[in-house]
Amino acid sequence: MENNNSSKLVPYPSNALVTERDLHKPPVLEVNHLGIDFGGLTAVDDFSIIIGRTEIAGLIGPNGAGKTTVFNLLTNVYKPTRGNILLNGYSTSGKTTAQVNRMGIARTFQNIRLFSKMSVIDNVKVGMHMSVKENFLSSLSHGFGYSKAEKIANERALELLDFFSMADLAKAQAGSLPYGAQRRLEIIRALATNPSIVLLDEPAAGMNPSETAELMENIRRIRDTFNIAIMLIEHDMSLVMGICEGICVLNYGKIIAKGSPDEIKKNPTVIEAYLGKKKEAQD
Amino acid sequence: MTTFIQTLIDGLSLGSIYALIALGYTMVYGIAKMLNFAHGDVIMVGAYAVIASVSMASLPPVVGLILSVVICAALGILIEFLAYKPLRKSPSLAVLITAIGVSYLLQNLALLIFGSEQLSFPQVINLPDFAFAGVQIKGVTLATLVITAVIMIALTLFIKTTKLGKAMRASSEDKDAAELMGISVNRTISITFAIGSALAAIAGIFYGASYVYIKPTTGAMPGIKAFTAAVFGGIGSIPGAMLGGIILGIIEKFSQAYISTLWADAIVFGVLVLMLVIKPTGLLGKDIKEKV
Amino acid sequence: MKNNVLKKLFSKNSITIYIVVAIYAIFSSLLYTDNLSRQLTNMLISVSCYIVLAVSLNLVVGFLGELSLGHACFMSVGLFTGCISSVLMSNVIPSVYIRLPIAMILGGLAAAAVGFVIGLPALRLKGDYLAIVTLACGEIVKNAITNINMTVESADFEFNGAIGLNTNKYGIYIKDVGELLPYAIVLVFVTIIVMMNISKSKAGRCIMAIRDNRIAAESIGINVTYYKLIVFVLAAFFAGMAGVLYGHGNSFAAASKFDYNMSIEILVIVVLGGMGSVRGSIIAAIILRALPEMLREFSDYRMLLYSVLLIVIMILNANPKFADLKGNLSIPKIISRLKNKDKTVKEAK
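With respect to the overall build of chain B
A count of helices and strands for chain B gives 11 helices and 4 strands. Its C-alpha atoms give chain B a radius of gyration of 19 Å, near enough to 19 Å, the size a compact globule of 292 residues would have. Each principal axis of the C-alpha distribution contributes one length, and for chain B these read about 60 × 45 × 35 Å. When each of the 292 residues of chain B is scored for burial, the buried share is 53%.

Rendered as structure tokens:
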């Protein structure tokens, strides 16, 4: 066992994407010894990680390792039993899920959670609600700056949709979209909240290889265009190894390895977790 | 002191009736995950069935009582089959609205058949009154307490030990898994409705015997209060329903006796609201985490 | 640009407004030329009240997706607060016609305050539990009003909640429907426009997002608590105003009338009109209130029919085949089909 589980192992991306200025800022996400128990059962324990600005990080592990639970902890859907989370240097402890989002974490869900009865563009506009300059009075009366606010919101929403070539679907009902488009819309909605990090929960689930390739391209484009960090849970190793700069492997709720894709690929503990233990006799 | 004991016994008696109704709510909620709003009106049907068979058709009381229970059990199955089964996969809002529809349907059918005038419930339970340490206990009250206790023990044993009871528990935990284990979930749900409605019929009989007058809306209030009791005890939990029913009955009688008859209902509902706000899972209920 | 104006003129919401304008234009012109039967005249105010009640309840049921079974209690709170304050103001403002709008706002505010209080426990609850809590709160409010006993000697006013309020005795009963109708029309239009505006605004989008998926709504930073409260308060406000109008249009008002049966009657209107559809609520309110009045013999079967309709509509809605059928019968679909037909005919030529 070479790798220890100290807290600062996921490196800043070594490529040129991190500018000098970024390095002086605190990392986007700093998680220290996070853990949660469900009725005596420890689901996640001692989870520590640092994610730099504009880093693409991967969270992998066998089924039931606690990956989605980590996302739920990061977004305060579950209140952590132990540990703390610093988002852009500020602690998220005691905040609601909504407040955590406003502090800068947006996410997608493993089982898609769109606002299925609303139109595609409304799904995006509702994501932008914090930046739409409409107070309650103007919502009721459609006066007091309503038209201007709606116009800006519409334009921005269409821009975002266009970024994923979905502008022509703006008026469609979100629930009626094909599967792949629904996944894309969920990412757009998350981006609309203007986050500093997006958590993607199995974004490639149910996609064919060409769709996955397109998704990889999109994830890179998101990072480069919006200058945000991305953390993703994914089972598709080609995607994870292809785009992630830092990878964290989870098994039975604990981090068993952290490092660059190459390091993870060679790590014997990871191989063991995925493929099972080699027989003693062969050793 | 006499008033205190008298009130306590009255409360226990009313609480037993609530407990019987609450059992139906809690069993149906546990297995079908729906609030059967019409459950309270089954009590009214049970009471009217006795009136129709004993007072109107002059059948012997025992036949009337059995008939009442059978009719209600059949009604429970019918309601489930016609109104709730098509909505098994619908959102809870749709199911609740349908249940409200069923409740109104039963009330208005009773209104058309029996009229809006209240009818008096026949003397089917003829037991002498007791005098104990200066406290008058009606025969009906005692019968209510004893029979309820017997039913509750029997029901607990039924659910714990029989095959059908196991099927019920399994279906309430996980319908798909139960189906894969060879349990017919549809049949189990039907039987749950039948048992719940039969209990409601018994509650209706005791209610009629204690409060004498029956009208089409008779079931609504006890129904809602019994739901309160089920929630109070922890919905889905059978001992919880019993406990909740009895506590609620006692609270109601004590507020009537010591605070004000006018405020009694408000107090009972106030207890519900407080309970739901402070501990939505009730006294004995389990906390279910929403899956994200 | 011209296209946009046209679009706005024929948008779904504008058409709803046209329908309501047309209905009120017809009925008020008949009323003011003395051509309206007594029966229909008497109905005008009550139907208007029910439109306001149904449309405001639709905000809770259709837009927020939560079931409220206590809507009648807001009407009751509004009615008694508004009417009593109107009586107490009579020394300062002699004209009942000036006092009415003030009373409506006071009644609306009182109902909104009660809506806020009821909304508070609702924040922690959802679904069946929330529905039952609104029912319980409604009954508690009814109980509380029944227990009110107040005497104001300076205004020679006495109110016993158990008996009710005799509006006629205190001179706030406006017997002439022609005099009360303008108030009703204004209230109906304000309610409809506000509700339709909300559905096309930031607040409305957030509310509908909570309905469609609460967890996702939280994940994008929507303050679920805030919007739930807003919905309850706003719906209660309009129901309260409707209550004040109702009180001024009837010579007597008793608290016991505003029980959960009435709440359910309003719910029936919302469900039959279509949850989330303002226009549906309006049409259903008119039909369901007017039909039984016009067909007296039918009134015995009214509630029976309502209950059967509730069940049948919910079951049909759950059936995907019926949803397709309904979709195909909607006006825009029919128009587009006709257009396509024209095209194919032309192409064939």
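Section: the overall build of chain C
In terms of regular secondary structure, chain C is built from 15 helices and 4 strands. In chain C, which comprises 349 residues, the proportion classed as buried is 49%. Sequence-distant contacts in chain C: of pairs separated by 6 or more residues, those separated by 24 or more amount to 79%.

What about helix H8 (residues 185-211) of chain B?
All names here are of chain B. With 27 residues, H8 extends 38 Å from end C-alpha to end C-alpha; this agrees with the ideal 39 Å at 1.5 Å per step. Across the 27 residues that make up H8, a large majority, 21, are buried. One or two positions beyond H8, positive phi appears at valine 212, with a value near 65°.

Examining the confidence of the model for chain C
Mean pLDDT over chain C works out to 86, with 89% of the residues at or above the 70 mark. With a pTM of 0.87, the predicted complex shows an ipTM of 0.86.

Topic: the environment of glycine 219 of chain B
All names here are of chain B. Here glycine 219 shows up in the loop between strand E4 (213-214) and helix H9 (220-233). For the pair formed by glycine 219 and leucine 199, sequence separation is 20 residues and the distance between their alpha carbons is 13 Å. Once residues lying within four places of it in the same chain are set aside, the contact partners of glycine 219 are Gly40, Asp41, Val42, Ile43 and Met44.

Thoughts on the nonpolar core
Ranked by size, the top nonpolar core spans 292 residues in total, and within it Ile197 and Ile230 of chain A together with Ala54, Ala242 and Leu245 of chain C carry the most contacts. Each of domain 1 (1-104 + 195-283) and domain 2 (118-194) of chain A accounts for three or more of the residues forming this core. In this structure leucine 245 of chain C touches Ile45, Cys49, Met104, Tyr183, Ala184 and Leu187 of chain C, once residues within four positions along its chain are discounted.

Some points on the interface of chain A and chain C
Listed by partner, the interface residues are 29 residues for chain A and 23 residues for chain C. Only helix H3 (97-103), strand E6 (105-107), helix H4 (120-127) and helix H5 (136-141) of chain A provide two or more residues apiece to the side of chain A that touches chain C. Within the side of chain A that touches chain C, the residues separate by chemical class into 11 nonpolar, 10 polar and 8 charged.

Description of the sheet that holds strand E3 (residues 56-60) of chain A
Residues and elements named next belong to chain A. Reading across from one edge, E6-E7-E8-E3-E9-E10 is the order of the 6 strands in this open sheet, with mixed pairing throughout. The open sheet has two edge strands, E6 and strand E10 (254-259), and neither has a second partner. Across the sheet, the mean angle separating the axes of adjacent strands is 20° when strand polarity is ignored. The sheet contact formed by E6 and strand E7 (residues 197-201) spans 3 bridges and is parallel.

Some words on the sheet that holds strand E4 (residues 82-87) of chain A
Residues and elements named next belong to chain A. Here we have 4 strands laid out as an open sheet, ordered E2-E1-E4-E5, and antiparallel in their pairing. Only two strands of the sheet have a single neighbouring strand rather than two, namely strand E2 (41-51) and strand E5 (90-91). Examined bridge by bridge, strand E1 (residues 29-38) and E4 share 5 bridges and lie antiparallel to one another. Note on E4: the bridge partner recorded for valine 31 is isoleucine 85. With respect to the sheet, helix H2 (residues 67-74) is in contact with E1, E2 and E4, its orientation differing from that of E2 by roughly 65°.

What about the interface of chain B and chain C?
Residue-level contacts link 33 residues of chain B with 34 residues of chain C. Taken together, the elements giving at least two residues each to the side of chain B that touches chain C come down to helix H4 (92-114), H9 and helix H11 (264-278) of chain B. Among the elements that make up the side of chain B that touches chain C, the one with the highest residue count is H4 of chain B (14 residues). Here the residues of the side of chain B that touches chain C are counted per class, giving 26 nonpolar, 6 polar and 1 charged.

A few points about unusual backbone geometry
Residues and elements named next belong to chain A. In this model, serine 165 sits at a positive phi of 45°, which is unusual for a non-glycine residue. We classify serine 165 as exposed; it has 12 C-beta atoms within 10 Å. Although it is not a glycine, asparagine 194 sits at a positive phi angle of roughly 65°. Tracing the backbone through its elements, the reader meets asparagine 194 in the loop between helix H7 (179-192) and E7.

Details of the environment of arginine 189 of chain A
Among the secondary structure elements, arginine 189 of chain A is positioned in helix H7. Given 28 C-beta atoms within a 10 Å radius, arginine 189 of chain A is considered buried. Spatially, the C-alpha atoms of arginine 189 of chain A and serine 131 of chain A are 13 Å apart, while their sequence positions differ by 58 residues. Other than its neighbours up to four places away in sequence, arginine 189 of chain A contacts Asn123, Val124 and Gly127 of chain A together with Ile220 of chain C.

Examining the pairing of E3 of chain A
Look at any regular strand and the pattern is simple: side chains alternate between the two faces of the sheet. Residue and element names in this part refer to chain A. Of all 5 residues that make up E3, 5 are buried, and the element is covered over most of its length. Side chains Ile56, Gly58 and Ile60 project from E3 onto one buried face, and the interleaved Ala57 and Leu59 project onto a second face that is buried too. With 4 bridges connecting them, E3 and strand E9 (residues 246-251) associate as parallel partners. Looking across to E9, one finds that glycine 58 is bridged to isoleucine 247.

Some thoughts on the confidence of the model for chain B
For chain B, per-residue confidence averages 88 on the pLDDT scale, and residues scoring 70 or more make up 98% of the total. At the level of individual helices and strands, chain B shows its lowest average pLDDT in strand E2 (residues 130-132) of chain B, which scores 76, and its highest in helix H3 (residues 61-84) of chain B, which scores 94.

A short note on H4 of chain A
Of all the 8 residues making up H4 of chain A, 8 are buried; the element is thus mostly covered by neighbouring parts of the structure. Of all the positions in H4 of chain A, only Val120, Ile121, Asp122, Asn123, Val124, Lys125, Val126 and Gly127 of chain A are classed as buried. Looking at the buried residues of H4 of chain A, the elements they touch are helix H6 (146-163) and H7 of chain A together with helix H8 (202-212) of chain C.

With respect to the environment of glycine 83 of chain A
Summarising the element assignment, glycine 83 of chain A is placed in strand E4. Setting aside chain neighbours within four positions, we find glycine 83 of chain A in contact with Val31, Asn32, His33, Leu34 and Gly35 of chain A.

Some words on the packing of helix H1 (residues 2-32) of chain B against helix H2 (residues 39-56) of chain B
All names here are of chain B. Where H1 contacts H2, the axes come no closer than 9 Å and their chain directions differ by 135°. Classified by the interaxial angle, the pair formed by H1 and H2 is oblique. Classified by chirality, the crossing of H2 by H1 is right-handed. Where H1 approaches H2, its residues Ile21, Gly24, Tyr25 and Val28 are matched on the opposing element by His39, Gly40 and Ile43. Counted by class, the contact of H1 with H2 contains 4 nonpolar, 3 polar and no charged residues.

A word on the pairing of strand E2 (residues 157-160) of chain C
Residues and elements named next belong to chain C. Sheet analysis places strand E1 (residues 149-152) next to E2, joined by 4 bridges and oriented antiparallel. What sits directly across from methionine 150, in E2, is phenylalanine 159. Hairpin remark: E1 followed by E2, antiparallel, with 4 residues in the connecting loop; positive phi at aspartate 156, about 55°.

Conventions and cut-offs
Residues numbered from 1 in each chain as written. Chains lettered and ligands numbered in written order. Predicted model: local features only at pLDDT ≥ 70, side-chain atom pairs only at ≥ 80, totals over all residues. Helix = DSSP H or I, 4+ residues; strand = E, 2+ residues; numbered from the N terminus. Rg over C-alpha atoms; globule rule 2.2 N^0.38 Å. Buried ≥ 20, exposed ≤ 12 C-beta atoms within 10 Å, placed from the backbone. Contact = placed C-beta atoms within 7 Å. Expected span 1.5 Å × (residues − 1). pLDDT = per-residue confidence, 0-100. Core = buried A, V, L, I, M, F, W, Y, C linked by C-beta atoms within 7 Å. Domains from an automatic or database assignment. Nonpolar A, V, L, I, M, F, W, Y, C, P; charged D, E, K, R; others polar. Pairing = 2+ DSSP bridges. Axes fitted to C-alpha atoms, helices over the stretch in contact; angles between N-to-C directions. Parallel < 35°, antiparallel > 145°, perpendicular 65-115°, else oblique. Left-handed = near helix turned anticlockwise from the far one by under 90°.

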